[in-house]
Amino acid sequence: MHAELLVVGGGPAALAAATSYRDHGGDGAVVVVSDDTAPPYFRPPLSKDYLRGESEAGDTELTPATTYTDRGITLLLRQMVTTLSAQERAAQLSGGDRITFKACVLATGSAPKPLPVPGADAPAVAMLRTLDSAKALRSAALTARSAVVVGSGFIGCEAAASLARRGLEVTVVSTEELPQEKRLGPDAGRRIAGWLAEDGVTLVGGAQVEAIEPLGDPEERPRRVRVSERDPLEADLVLVAGGIDPHVTLARAAGLAVEQGRVAVDEHMRASLPGLYAAGDVAYARNATAGRHLVVEHWGEAEAMGTVAGGVAAGADLRWDAVPGFWTEIGGRTLKYAAWGDGYDRARLVDHGSGAFTVWYADDRGRAVGVATHEADEDYERGSELVAAAEPVPDVAALTPE
């Protein structure tokens, strides 16, 4: 089998690469290889409305099934690329087929990071990444009365609020004192902690999980979570949401340059070997506006990178240059965040009243490097522009050093 464009992966970056190739005049054969059981789907609802039972699996489709046939895209599901040769421009599939290609986009995504404690790898301990795992978690929540969520990142907070809104008694255990404190700072962390408390979620911050043990039958879900210097927590359901590990094994074996645990690419998504590109979670991409490589794990940026990769493979002159941004919904509240994402020196929270707020982030010279908002859309839009232009945040003098 031959493909002008081979795309490895089944997420937003993969679909965007395939369709962008067509949108920019690519008329050769396109093959997308995914180890998932379903065509590319929208993952953000999995920890939110889908988990709450307010939407169904069919609602998560990224594009109608007819798109693949209409646009001449061959989608191969439940298959993996086991070996990739950049020199031969060929890929071996787990099903036995061999595909030669002119260009290949690696959009292999990531997997939930395992918790390195005894018992965390038991099948009864939930992790949330795929539609199948979301189905299992939602099914388990139907009969559970309590849950422990390990991790206070966005997935952990979203899932905790969703489970609480289903009526479960939920506890979040985090190594951080406040949710997202390292990334967003204590001011935003306190606001998110308040949202969780309003939904009835108990936060156990500054705590280290030491083990996850079965309560009775090891095959059943009820677990005891042992936490350092605290009484153990018992729950019908345990969800580990401790971040992600990019899938770089295939890229490493193919000889691509890997930095920061990701495939190093330029602003055109070109990897270190000719004809190969990377996009999404697996990419350590240079942002043309920032002038440096960034680690980004946002849904929208995966689509943006995939669009660039597919378009460039078709001969278009595209580059990744937008300020990364995303929205997270925790319960019924939306936090919007736009930032380079590689740190800040000073921050300032502006309280707009009635729960609305803005947190401005700046470097040591007072130039905007990020903004986080809740019910302050004008600041979100303005903040993205200030970050892109490296202009000072409003009222620089009021910034608080971190």
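Residues numbered from 1 in each chain as written. Predicted model: local features only at pLDDT ≥ 70, side-chain atom pairs only at ≥ 80, totals over all residues. Heavy atoms only, no water.

(A) Region of the structure containing the overall build of the chain. On a plain count of helices and strands, the chain comes out with eight helices and 27 strands. Against the compact-globule benchmark of 21 Å for 402 residues, the chain has a radius of gyration of 22 Å, which places it among compact chains. The principal-axis extents of the C-alpha atoms in the chain amount to approximately 60 × 60 × 35 Å. Counting every position in the chain, which comprises 402 residues, the buried fraction comes to 53%. A fraction of 61% describes how many contacts in the chain between residues 6 or more apart in sequence connect residues 24 or more apart. With the model as given, the accessible surface of the chain reaches about 17,100 Å², and the carbon-plus-sulfur share is 46%. (Helix = DSSP H or I, 4+ residues; strand = E, 2+ residues; numbered from the N terminus. Rg over C-alpha atoms; globule rule 2.2 N^0.38 Å. Buried < 20%, exposed > 50% of the residue type's maximum accessible area, 1.4 Å probe, protein only. Contact = heavy atoms within 4.5 Å. Areas by Shrake-Rupley, 256 points an atom, 1.4 Å probe, with all protein chains shown as cover.)

(B) Helix H5 (residues 181-198), seen in detail. For H5, with 18 residues, the first-to-last C-alpha span of 19 Å runs short of the 26 Å given by 1.5 Å per residue. Along H5, the helix axis deviates most sharply at Asp187, where the bend reaches about 85°. Packed against the buried residues of H5 are helix H4 (154-165), strand S11 (202-204), strand S22 (325-330), strand S23 (333-339), strand S25 (356-362) and strand S26 (368-374). Looking one or two residues past H5, Gly200 carries a phi angle of roughly 85°, positive in sign. (Expected span 1.5 Å × (residues − 1). Bend = angle between axes of the 7 residues up to and from the residue.)

(C) Region of interest: the sheet that holds strand S12 (residues 209-214). Strands sit in the order S12-S13-S14 across an open sheet of three strands; the sheet is antiparallel. The open sheet has two free edges, formed respectively by S12 and strand S14 (233-235), since each of these has just one partner strand. Looking at each pair of strands side by side, their axes are set apart by 20° on average, direction ignored. For S12 and strand S13 (residues 223-227), the ladder comprises five bridges, and the chain directions are antiparallel. Bridge pairing in S13 places Glu213 opposite Arg224. (Pairing = 2+ DSSP bridges. Axes fitted to C-alpha atoms, helices over the stretch in contact; angles between N-to-C directions.)

(D) Focus on the pairing of strand S20 (residues 283-287). For S20, the tally of buried residues reaches four of five residues, placing the bulk of the element in the interior. Bridge analysis of S20 against strand S21 (residues 292-295) gives four bridges, and the strand direction is antiparallel. The residue bridging Asn287 from the neighbouring strand is Arg292, located in S21. Between the end of S20 and the start of S21, which pair antiparallel, lie four residues, with Gly291 showing a positive phi angle near 80°.

(E) Examining the packing of aromatic side chains more closely. Evaluation of the coordinates by the stated rule reveals six aromatic pairs. Judged by centre distance (4.9 Å) and plane angle (65°), the rings of Phe154 and Phe326 are edge-to-face. Note that Phe154 is positioned in helix H4 and Phe326 in strand S22, a separation of 172 residues in sequence. Look at Phe154 and you get buried, because its relative accessible area is 12%. Given the relative accessible area of 12%, Phe326 is considered buried. A centroid spacing of 6.4 Å and a plane angle of 85° characterise the contact between Tyr337 and Tyr361, whose relative ring orientation is edge-to-face. Here Tyr337, found in strand S23, pairs with Tyr361, found in strand S25; they are 24 residues apart in sequence, far enough to count as distant. The residues Tyr337 and Tyr361 share a single accessibility class, namely buried. For Lys336, the ring lying beneath its charged end belongs to Trp327, and the centroid distance is 3.6 Å. (Phe/Tyr/Trp six-rings, centres within 6.5 Å; stacked < 30°, edge-to-face > 60°. Lys NZ or Arg CZ within 6 Å of the ring centre and 35° of its normal.)

(F) Main features of unusual backbone geometry. Of note in this structure, Ser354 is not a glycine but carries a positive phi near 55°. A positive phi angle is found at Glu375, which is not glycine, with a value near 55°. Topologically, Glu375 is positioned in the loop between S26 and helix H8 (377-389).

(G) Spotlight on the pattern of salt bridges. The tally for this structure, following the rule as stated, stands at 23 salt bridges. Here Arg138 makes a salt bridge to Glu56, at a shortest N to O gap of 2.7 Å. One end of the pair, Arg138, is in helix H3 (residues 131-143); the other, Glu56, is in the loop between strand S2 (30-33) and helix H2 (66-70), with 82 residues separating them in the sequence. According to the relative accessible area criterion, Glu56 is partly exposed, its value standing at 43%. Between Asp236 and Arg145 there is a salt bridge, with the nearest N and O atoms lying 4.0 Å from each other. With Asp236 in the loop between S14 and strand S15 (237-240) and Arg145 in the loop between H3 and strand S9 (146-150), the pair connects residues that are 91 residues apart, well separated along the chain. Since its relative accessible area comes to 21%, Asp236 is described here as partly exposed. Among the charged side chains, a network of salt bridges with common partners joins Arg165, Glu198, Asp199 and Arg333. (Salt bridge = Lys/Arg side-chain N within 4 Å of Asp/Glu carboxyl O.)

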